[in-house]
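Inside the fold
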Amino acid sequence: QVQLVESGGGFVQAGGSLRLSCAMSGRTFSLYDMGWFRQAPGKEREFVAGISWSGYITDYAASVKGRFTISRDNAKDTVHLQMNSLKPGDTAVYYCAARAGDLARPVVTGAFDYWGQGTQVTVSS
């Protein structure tokens, strides 16, 4: 059973930075694609960023490209989301997600199987 625990959320002013972390346990982390999603009040959950099990493939939502960076540390079974130049529109609950990697699937978008509890990010104007 995969377990995901997020940390690093908080309150920040527009233009500031935050770094989210997600620790995975229960399975071999280096074999899993990892993703970050977010859900703002009254909106559907949306993809933010993803990284393949190999670390070679990353992808970002257009709204965060150039501001957010996803990375993974296989030695610590952890994925990070560095968020810079934050905007009030980035305010949301951020969720970490995981799915088993697949050589036949060279993308990091799509459905994920395991989810964390979420961490709140609030950006003030």
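A few words on the overall build of the chain. Summing up its helical and strand segments, the chain has zero helices and eleven strands in all. In the chain, the order of α-helices and β-strands from amino to carboxyl end is β-β-β-β-β-β-β-β-β-β-β. For the chain, whose C-alpha radius of gyration is 14 Å, the value lies close to the compact-globule estimate of 14 Å for 125 residues. On the principal axes, the C-alpha backbone points of the chain span a range of 40 × 30 × 25 Å. Every one of the 125 residues in the chain was classed for burial, and the buried ones make up 43%. Within the chain, contacts between residues separated by at least 24 positions form 59% of all contacts whose residues are at least 6 apart in sequence. Put simply, the chain shows about 6,400 Å² of open surface, and 49% of that area lies on carbon and sulfur atoms. Computed over 12 positive and 10 negative side-chain charges, the separation of the two mean positions in the chain equals 4 Å.

Turning our attention to the sheet that holds strand 1 (residues 3–7). Reading across the sheet, the four strands line up as 1-3-8-7 and stay open at both edges, with antiparallel pairing between neighbours. The strands lining the two open edges of the sheet, one partner per strand, are strand 1 and strand 7 (68–73). Direction aside, neighbouring strands of the sheet carry axes that sit 15° apart on average.

Relative to strand 3 (residues 18–25), strand 1 is paired through five bridges, and the arrangement is antiparallel. Within strand 3, the position partnered with Leu4 by the bridge is Met24. Sheet topology places strand 3 next to strand 8 (residues 78–83); six bridges connect them, and they run antiparallel. The partner of Ala23 across the bridge, within strand 8, is Thr78.

Moving on, we come to the packing of aromatic side chains. Under the definition given, this model contains four aromatic pairs. Judged by centre distance (5.6 Å) and plane angle (80°), the ring pair of Phe37 and Phe47 falls under edge-to-face. Within this pair, whereas Phe37 is found in strand 4 (residues 32–39), its partner Phe47 is found in strand 5 (residues 46–51), the two being separated by ten residues in sequence. An aromatic cluster is defined as three or more aromatic residues linked by ring pairs; in this entry it consists of Phe37, Phe47, Phe112 and Trp115.

What counts as what
- Residues numbered from 1 in each chain as written.
- Predicted model: local features only at pLDDT ≥ 70, side-chain atom pairs only at ≥ 80, totals over all residues.
- Heavy atoms only, no water.
- Helix = DSSP H or I, 4+ residues; strand = E, 2+ residues; numbered from the N terminus.
- Rg over C-alpha atoms; globule rule 2.2 N^0.38 Å.
- Buried < 20%, exposed > 50% of the residue type's maximum accessible area, 1.4 Å probe, protein only.
- Contact = heavy atoms within 4.5 Å.
- Areas by Shrake-Rupley, 256 points an atom, 1.4 Å probe, with all protein chains shown as cover.
- Lys, Arg positive; Asp, Glu negative; His and termini not counted.
- Charge placed at Lys NZ, Arg CZ, Asp CG, Glu CD.
- Pairing = 2+ DSSP bridges.
- Axes fitted to C-alpha atoms, helices over the stretch in contact; angles between N-to-C directions.
- Phe/Tyr/Trp six-rings, centres within 6.5 Å; stacked < 30°, edge-to-face > 60°.

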